Amino acid sequence: MFSVLDMFTIGVGPSSSHTVGPMRAANAFVSSLRDSGMLAQVVRVRTVFYGSLAMTGMGHGTDRAAVAGLEGSLPSTVDTGHLLTIKQECDQRGTLALAGEHSIAFDYDRDVVFELWQRLAAHPNGMRFQAFDDRGDVVDEQVWYSIGGGFIRPGRRDDLMIGIHERPPQGSTFAERDDDTQRVDFEARAPYHFASCSELIEVCERTGMPICDVVWANETAMRPAGEVRGQLLRVWKLMRSCIMAGCTSEQTTLPGGLEVRRRAPQMYRRLASNDDVLRHDQHRADVALESSDAAWVNLFALAVCEENAGGGRIVTAPTNGAAGIIPAVLHYYWTFVDGAGEDGIVRFLLTAGAIGYLFKRNGSISGAEVGCQGEVGSACSMASAGLCEVMGGTPRQVENAAEIGIEHHLGLTCDPVGGLVQIPCIERNAMAANMAINAVRMAMFGDGSHLVSLDQAIKTMMDTGADMMSKYKETSQGGLAVNVVEC
Ligand code: SF4
């Protein structure tokens with residue numbers, strides 16, 4: 001078990017696995033060089049990206065994020081403006097300040113390598129960092145994997161290299177390490193253990209507690225209640241400011257070359273200023289379309305996703321590509337549900353976090369591993385659960401909503417055009433946010449009994465992901481990515 005707070009981390013766009021993870025991994029590499037006293041010997045570093053990180057890394061800013069990590073930056077605090085210009089700055093200077101303190105010569109095009117047609121066997125998002133001394137000898141070499149949602153794991157230096165479309169040999173795929181001290185500590189202190197949704201429901205029914213209270217008890221066993229609540233409300237505050245930033249952005253198009261127009265600012269002006277809309281005049285067709293809550297939910301999701309695509313500050317929820325869904329549904333609750341308040345925000349996020357934990361534990365939240373069902377599907381499921389909880393759903397109704405949220409995303413592929421988190425990602429978040437609200441409508445209409453369990457749906461997602469051809473798993477080698485001609 002691990003803290004559900006880890007499902008909501010503050011990072012930068014556009015991708016948790018391809019931007020946030022590589023920055024963290026590069027930072028971990030230089031931190032270990034510094035902490036072991038080897039930093040001063042280093043005259044050159046080389047970074048190699050494999051698999052999905054190589055295929056779509058350019059569009060995701062993977063290289064720039066990793067170089068910022070080598071400089072000592074972290075996703076929660078990095079200057080997002082610096083990230084956009086870091087390559088030009090390195091090219092002009094020809095140097096890099098490793099860990100912010102040790103200057104070395106740096107040739108960006110030579111020292112950052114995209115190994116396009118190979119992946120590491122253990123995980124599709126692999127990267128290798130090498131540090132050399134002045135004789136050209138390797139001082140240190142580390143392999144890291146970005147396993148989704150900004151989470152990273154160290155790997156073996158001798159991990160097998162295989163073709164991008166090859167299936168890894170049996171037994172070589174990534175397995176969670178069981179020596180994670182934070183996790184072991186959490187397990188020792190958490191009063192309620194659950195490894196599946198059925199176990200979580202069993203705890204709820206045995207104790208009479210709702211899901212959010214079970215999670216609250218676990219979290220507050222690790223840290224003071226004020227800290228848990230404060231962190232969740234900080235997440236909410238950042239989600240709101242991200243929506244506002246997206247609604248008021250003066251940038252007209254998104255970076256990356258596709259010239260995708262930002263739609264949230266115009267949509268915001270129109271929805272906010274339309275008196276007819278505010279009066280809910282349903283007689284005119286255009287007003288009917290714009291006056292529904294769904295139009296606002298679309299806006300909230302688009303605003304966050306456009307900020308993400310523009311490299312802005314983002315909460316991974318549970319990933320950056322799917323970062324618009326939970327804020328949009330939370331904002332729907334905040335704006336349209338009578339009696340909404342900060343207590344409800346906390347309960348929503350605790351419940352959504354519990355469902356995210358189950359996806360991360362028993363499935364995957366990585367598009368490179370299982371396609372978009374693991375990103376947008378899991379975010380929709382989390383948002384459905386959170387909303388159902390604050391609408392007064394029982395634990396079984398919450399499970400029902402979460403299951404509906406993933407079931408109708410099963411099989412969803414990841415095929416971003418140009419390797420950018422823009423098409424289909426941005427609109428897909430808006431669709432999924434509205435789907436989450438609809439899932440809650442259906443779940444609340446029933447009594448919580450349902451045929452397909454959330455555990456079965458998560459297993460189905462994993463099985464489907466394993467059968468999915470790798471060209472549909474964040475490589476931009478199939479689907480829309482090949483049928484939409486890039487400008
Ligand atoms: S298609 Fe889905 S999984 Fe792929 S980058 Fe976009 S949001 Fe992420």
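Residues numbered from 1 in each chain as written. Predicted model: local features only at pLDDT ≥ 70, side-chain atom pairs only at ≥ 80, totals over all residues.

Quick look at the overall build of the protein
Within the protein, the secondary structure is distributed over 22 helices and 11 strands. For 487 residues, the compact-globule formula gives about 23 Å, and the C-alpha radius of gyration of the protein, at 22 Å, lands near that figure. Expressed along its principal axes, the backbone C-alpha trace of the protein runs to roughly 75 × 50 × 45 Å. Across the 487 residues of the protein, 51% fall into the buried class. Taking the intrachain contacts of the protein between residues at least 6 apart in sequence as the baseline, contacts between residues at least 24 apart amount to 79%. (Helix = DSSP H or I, 4+ residues; strand = E, 2+ residues; numbered from the N terminus. Rg over C-alpha atoms; globule rule 2.2 N^0.38 Å. Buried ≥ 20, exposed ≤ 12 C-beta atoms within 10 Å, placed from the backbone. Contact = placed C-beta atoms within 7 Å.)

Some thoughts on the sheet that holds strand β9 (residues 151-155)
Read across the open sheet, the 5 strands follow the order β5-β2-β7-β8-β9; overall the sheet is mixed. At either end of the open sheet lies a strand with only one pairing partner, and these are β5 (112-115) and β9. Taking the axes of each pair of neighbouring strands and ignoring which way they run, one obtains an average angle of 25° across the sheet. Two elements, strand β7 (residues 126-132) and strand β8 (residues 138-148), share 7 bridges in a ladder whose sense is antiparallel. Across the sheet, the residue bridging to Q130 is E141, located in β8. Of the strands in this sheet, β2 (44-50), β7, β8 and β9 touch helix α1 (residues 16-35), which is tilted by about 150° from β8. (Pairing = 2+ DSSP bridges. Axes fitted to C-alpha atoms, helices over the stretch in contact; angles between N-to-C directions.)

Here we look at the nonpolar core
In this structure, I325, V329, A383 and A436 are the most contacted members of the largest nonpolar core, which totals 138 residues. If you count residues domain by domain, this core takes at least three from each of domain 1 (14-163) and domain 2 (190-483). Aside from chain neighbours lying at most four places away, what touches V329 is A383, G386, L387, A433, A436 and I437. (Core = buried A, V, L, I, M, F, W, Y, C linked by C-beta atoms within 7 Å. Domains from an automatic or database assignment.)

A word on the environment of R234
Structurally, R234 is set in helix α10 (residues 225-248). Put simply, R234 and D107 are 127 residues apart on the chain and 39 Å apart in space, counted from C-alpha to C-alpha.

A few points about the site of the ligand
Around the ligand, the neighbouring residues are G321, A322, G367, C372, E375, V376, C414, P416, V421, P424, C425 and E474. Residue composition of the shell around the ligand, grouped by class: 8 nonpolar, 2 polar and 2 charged. (Near = placed C-beta within 6 Å. Nonpolar A, V, L, I, M, F, W, Y, C, P; charged D, E, K, R; others polar.)

With respect to the domain arrangement of the protein
It is common to give the size of an interface as the accessible area lost on bringing the parts into contact. In terms of domains, the protein is made up of domain 1 (14-163) and domain 2 (190-483). Each of domain 1 and domain 2 was reduced to a C-alpha centroid, and the two centroids are 30 Å apart. For the side of domain 1 that touches domain 2, the secondary structure elements donating two or more residues are α1, α2 (51-55), α3 (57-60), α5 (80-93) and β8. Here the element with the most residues in the side of domain 1 that touches domain 2 is α1; it accounts for 4 residues.

What to know about the packing of helix α18 (residues 376-390) against helix α20 (residues 425-445)
Contact geometry for α18 and α20: axes closest at 8 Å, N-to-C directions at 40°. Regarding the angle of α18 to α20, the classification is oblique. Relative to α20, α18 is oriented so that their crossing is right-handed. Contact residues: V376, A379, C380, A383, S384, L387 and C388 in α18; R428, N429, A432, A433, M435, A436, I437, A439, V440, A443 and M444 in α20. Residues that form the contact of α18 with α20 fall into these classes: 15 nonpolar, 2 polar and 1 charged. (Parallel < 35°, antiparallel > 145°, perpendicular 65-115°, else oblique. Left-handed = near helix turned anticlockwise from the far one by under 90°.)

A look at unusual backbone geometry
Cis geometry is adopted by the peptide bond preceding P14, which originates at G13 and carries an omega value of 5°. Tracing the chain through its elements places P14 in the loop between β1 (9-12) and α1. Geometrically, the link from I423 to P424 is a cis peptide bond, its omega value of 10° lying close to zero. Checked against the element boundaries, P424 lands in the loop between α19 (395-407) and α20. Backbone geometry at A99 places phi at a positive 55°, although glycine is not the residue there. Checked against the element boundaries, A99 lands in the loop between β3 (95-98) and β4 (102-105). Note on A99: 19 C-beta atoms within 10 Å, which makes it partly exposed. Phi angles above zero are rare outside glycine, and S476 is one such case at about 55°. Residue classification places S476 among the buried residues on the basis of 22 C-beta atoms within 10 Å.

Here's the deal with the pairing of β3
Of the two faces of β3, the one lined by L96 and L98 is fully buried and the one lined by T95 and A97 carries no buried residue. Both β3 and β4 contribute to a ladder of 4 bridges, which runs antiparallel. Bridge pairing in β4 links T95 to A105. Connecting β3 to the antiparallel partner β4 that follows it, the hairpin turn spans 3 residues, and A99 within it adopts a positive phi of roughly 55°.

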